[in-house]
Every structure is written in structure tokens, then in C-alpha cells.
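# Summary of structural features
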Amino acid sequence: MQPFAEVCARAGLDTVVCEADAIAARTARDRVADSLDRAVRRGELAPEAADDALARLVLAGSPDDLADRQLVVEAVIENPDAKTEIFAALDKIVEDPAAVLATTTSSIPVMRLGMATSRADRVVGLHFFNPVPVLPLVEVVTSLHTSPQTVATATEFATAVLGKTGIRSQDRAGFVVNALLIPYLLAAVRMAESGFATATATDTGMELGRAHPVGPLKLADLIGLDTVASIAESLHDAFREPLYAPPPLLQRMVQAGLLGRKSGRGLHTYDQG
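Residues numbered from 1 in each chain as written. Predicted model: local features only at pLDDT ≥ 70, side-chain atom pairs only at ≥ 80, totals over all residues. Heavy atoms only, no water.

Before going further, it helps to spend a moment on unusual backbone geometry. Residue Pro 131 is bonded to the preceding Asn 130 through a cis peptide linkage, with omega at -5°. Its place among the elements puts Pro 131 in the loop between strand 5 (123–128) and strand 6 (137–142). One non-glycine residue with positive phi stands out, namely Ala 211, at about 60°. The residue Ala 211 is located in the loop between helix 8 (199–209) and helix 9 (216–223) in this model. Phi is positive for Arg 240, which is not a glycine, with a value near 55°. Summarising the element assignment, Arg 240 is placed in the loop between helix 10 (225–239) and helix 11 (248–255). (Helix = DSSP H or I, 4+ residues; strand = E, 2+ residues; numbered from the N terminus.)

Take a look at the structure:
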């Protein structure tokens, strides 16, 4: 949630952040503060603008503090049951019947989440890409129930307010980007798993041979191997094609808690200092 809250606050929006508990909320605010400080040091943001953005962040004491919101964006773990539970709760909490309920899911059908509410026409997908403050793309994902007004509101929010570039996607597993990206990342994992090439050689090959800004295994580590595995499982469940099946190495690493950059070790090792 932290990167999304940051871009909303930087865009001048009154932003309420609801985390799992008070510790998680304070950690999210600290991370936003650190990110804003880095932006100031890089000359991307004036110190006064960073202070103003941080002041716009309000830490919610409970989900009930979201009752008056006009737009609520869910960003919990990529788990269908967890997200469905959140949407069922938001449906009871958010008072404005015209409010938009959005999900940042990478692969879970928007329809499934919308049907957990009494307002499926107001539910839409807004899939941002990490790092959210830097990457300009957002996928606007509509279910069969999403109304044209909801699409217009969500698109205007993403583009005119946040300054992103929006692309429309149908409500299918993986949407546009991950349906193309995940098989590529899984192929790289299989290459490392088989011993055909080292992780370094695989990444260097794509960075220098194909001019990719980051190699596939570094990218998987950046996304989070648990997230990559979850998206792959959703794609495989939807299409039953072997190219979407998570490789055993990926599954073992997730079970071991070796999740990439956020854990300090994944397909590469990272300095946590």
C-alpha cells in the first residue's frame, strides 16, 4: 500500500491509509517519508512539497475510517479469499453508493471481487506497476458488471489526477502485462533450475543482448517471488497451459521464505543494510 499512498499524497489528495495494525501503519508512513526524502535528495521534489505530501497521509485506526471515502483502493496480499473478504467488508463500510472500489490485483478476476459486494458496477481493477512512483503505467480492468461511469472515474483518477498512462484490459487472468511477462520470468527460473545458465548469466544476457533495463531473475526478485508464484498459479488455474505452471524451484524458494529483495535473498542475494 505504501507506494500507492505516496503517489496519491504527492498528487495533492487527502489520503487515508488502513493497514493490518498500528505497527504496519507506522512502518508504511516511515517508508513513504524515506521515499520522499530520496526524491528530495535526487532533486525530483522540493522539500516543501515532500512535507505537504507527508502531511496529507492519515493513518486509519480501523477500516471504519474509510466510510467517507469516494475512492478506496485495496492492496492486500495476492490471495483471492483475502481480497474477497476485504471487498465484502468495504461494501458495508463505504457509505457513498457512488464511491469506486478498486483493486490492485495482478491476476485475480475483478468479477469475483465485485460479486462479493452489492455494487459490482462500482468495482474496477487499477493495476499499478512497481515502483509505483516511477513507472507510468496502470491497467484499468473492467468486469462484465463495471459501469461506464466507474470506468470513466477510475481512468480519470489514474491519468488526470495521478499522471499515469492508462490502458484498458479485459477481466482475464494476468490482464495484458502479466499474461506476457510471467511466462518469460518462469522460463528464466527454469533455466536457472536446470543449470543451463546461472542467474547472473541469464540476466546479463537479456540486459546486454536485448537491452532490457533489468534481467528477468532480478525482476522476479524485485516483484517478489511469492507474488510471481501467486500470479503464475492464477494464470495456470485459468488456462491450464504448462508455460504458466510455477517451477518447483520457485515454489521451494517461496516455502523457504526466500522471496527476493524484500527478504534479502531470492534468485540473487541482496545487501539488507
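Next, the rest of the story.
Pairing between side chains becomes possible if they bear opposite charge and their charged atoms approach one another. Applying the stated criterion across every chain yields a total of eleven salt bridges. For Glu 74, the salt bridge identified is with Lys 83, shortest N-O distance 2.4 Å. For the pair shown, Glu 74 and Lys 83 are each scored as buried. The partner of Arg 112 in a salt bridge is Asp 81, with the nearest N and O atoms 3.4 Å apart. Separated by 31 residues along the polypeptide, Arg 112 in helix 5 (residues 110–114) and Asp 81 in helix 4 (residues 80–93) bring together distant segments of the chain. Linked through salt bridges whose partners overlap, the residues forming this network are Asp 14, Asp 68 and Arg 69. (Salt bridge = Lys/Arg side-chain N within 4 Å of Asp/Glu carboxyl O. Buried < 20%, exposed > 50% of the residue type's maximum accessible area, 1.4 Å probe, protein only.)

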